[in-house]
Amino acid sequence: MKEQIVPFDTKMGKTIKNMEKEFAAIRAGRANPAVLDHVMVDYYGTPTPIAQMAGVSVSEARILTIQPWDRSSLKAIEKAIQTSDIGINPTNDGSVIRIVFPPLTEERRKELCKTIRKLAEEAKVAIRSIRRDANEKFKSMKKANELTEDDQKELENNIQKLTDKYIKDIDSISAAKEKEILEI
């Protein structure tokens, strides 16, 4: 019975990991290299992530330092950051790019909390969709006489318990992220 649930458990776990990755990319007033994960630089005609072109480090609590391995790519990296949705202008001193994260305003904190709630709700919808797919699979297995009715009910109960566990995880992770943003 447990092997029937394992693939759905794995999918739900991936949903949580994806949500956490999205949360890491939210700019919360602190320097975090994850905010650059979605920024692509046009490097000799190929979209390339900044992490593959430069060393990205946190030099101070609110300053991100980007040191390209190829100095000729400095302007391209700067342009990619300016055109991205980060909303911060980088400073270029000829060898290093610095991004200074300003302190958050109250309005921006509320906006970020809304974004977190939206991402959490999307993750919950994905978890519920996985539950629905699992239940449909169990029903089709019952129809094909691969499961008894009792086995189907037990599997549906187990998938519901799994769904409840992951929904609770989403709530606690998003609450922690909101608290982090409100306390900065």
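That block above? That's the structure.
Residues numbered from 1 in each chain as written. Predicted model: local features only at pLDDT ≥ 70, side-chain atom pairs only at ≥ 80, totals over all residues. Heavy atoms only, no water.

Colleague: I tried to follow the sheet that holds strand E4 (residues 63-68) on my own but got confused; where do I start?
Modeller: Each strand in a sheet pairs with its neighbour through backbone hydrogen bonds, running either in the same direction (parallel) or in the opposite one (antiparallel). Spatially, E3-E4-E6-E5 is the arrangement adopted by the four strands of the open sheet, whose pairing is antiparallel. Only two strands of the sheet have a single partner each, and these edge strands are strand E3 (54-60) and strand E5 (91-92). Relative to E4, E3 is paired through six bridges, and the arrangement is antiparallel. Along E4, the bridge assignment pairs Val 58 with Leu 64. Helix-sheet contacts for helix H2 (residues 74-83) involve E3, E4, E5 and strand E6 (97-100), and the interaxial angle to E6 is about 20°. (Pairing = 2+ DSSP bridges. Helix = DSSP H or I, 4+ residues; strand = E, 2+ residues; numbered from the N terminus. Contact = heavy atoms within 4.5 Å. Axes fitted to C-alpha atoms, helices over the stretch in contact; angles between N-to-C directions.)

Colleague: Sorry if this is basic, but what is going on with the packing of aromatic side chains here?
Modeller: Centre distance and the angle of the planes are the two values used to describe a pair of aromatic rings. Under the criterion given, the structure shown has two aromatic pairs. A cation over a ring is seen here: Lys 165 above Tyr 166, with NZ or CZ 4.1 Å from the ring centre. (Phe/Tyr/Trp six-rings, centres within 6.5 Å; stacked < 30°, edge-to-face > 60°. Lys NZ or Arg CZ within 6 Å of the ring centre and 35° of its normal.)

Colleague: I tried to follow the packing of helix H1 (residues 2-24) against helix H4 (residues 149-183) on my own but got confused; where do I start?
Modeller: Following both chains from N to C, one finds H1 and H4 inclined at 10°, their axes separated by 11 Å at the closest point. The pairing of H1 with H4 is recorded here as roughly parallel in orientation. Mapping the contact onto sequence places Gln 4, Ile 5, Phe 8, Asp 9, Met 12, Gly 13, Ile 16, Met 19, Glu 20 and Phe 23 in H1 and Leu 155, Asn 158, Ile 159, Leu 162, Thr 163, Tyr 166, Asp 169, Ile 170, Ile 173, Ser 174 and Lys 177 in H4. Of the residues contributing to the contact of H1 with H4, the split by class is 12 nonpolar, five polar and four charged. (Parallel < 35°, antiparallel > 145°, perpendicular 65-115°, else oblique. Nonpolar A, V, L, I, M, F, W, Y, C, P; charged D, E, K, R; others polar.)

Colleague: How do you make sense of the pairing of strand E1 (residues 40-43) when you look at a structure like this?
Modeller: Regular strands place side chains that alternate from one sheet face to the opposite one. As paired elements, E1 and strand E2 (residues 46-49) share four bridges and run antiparallel to each other. Counterpart to Tyr 43 in the pairing with E2 is Thr 46.

Colleague: Please clarify how helix H3 (residues 106-143) should be interpreted in this entry.
Modeller: Quick reminder: α-helices carry 3.6 residues per turn. Residues three or four places apart thus point the same way. Compared with the 56 Å implied by 1.5 Å per residue over 38 residues, the 56 Å span of H3 between its first and last C-alpha is a close match. Of the residues trailing H3, Asn 145 is marked for its positive phi of about 60°. (Expected span 1.5 Å × (residues − 1).)

Colleague: In this structure, what is going on with unusual backbone geometry? I would like to understand it.
Modeller: Negative phi characterises most residues that are not glycine, and trans characterises most peptide bonds. Unlike most non-glycine residues, Tyr 44 shows phi in positive territory, near 55°. Position of Tyr 44 relative to the elements: it lies in the loop between E1 and E2. The backbone of Asn 145 shows a phi angle near 60°, a positive value even though the residue is not glycine. As for its position among the elements, Asn 145 is in the loop between H3 and H4.

Colleague: Even after reading the chapter, I still don't get the pairing of E6, so can you show me in this structure?
Modeller: The alternating pattern of E6 places Ile 97 and Ile 99 on a buried face and Arg 98 and Val 100 on a face that is not buried. Examined bridge by bridge, E4 and E6 share four bridges and lie antiparallel to one another. Looking across to E6, one finds that Ile 63 is bridged to Val 100. Examined bridge by bridge, E5 and E6 share two bridges and lie antiparallel to one another. Within E6, the residue paired with Thr 91 across the bridge is Arg 98. Joining the antiparallel neighbours E5 and E6 is a turn of four residues, in which Gly 94 adopts a positive phi near 100°. (Buried < 20%, exposed > 50% of the residue type's maximum accessible area, 1.4 Å probe, protein only.)

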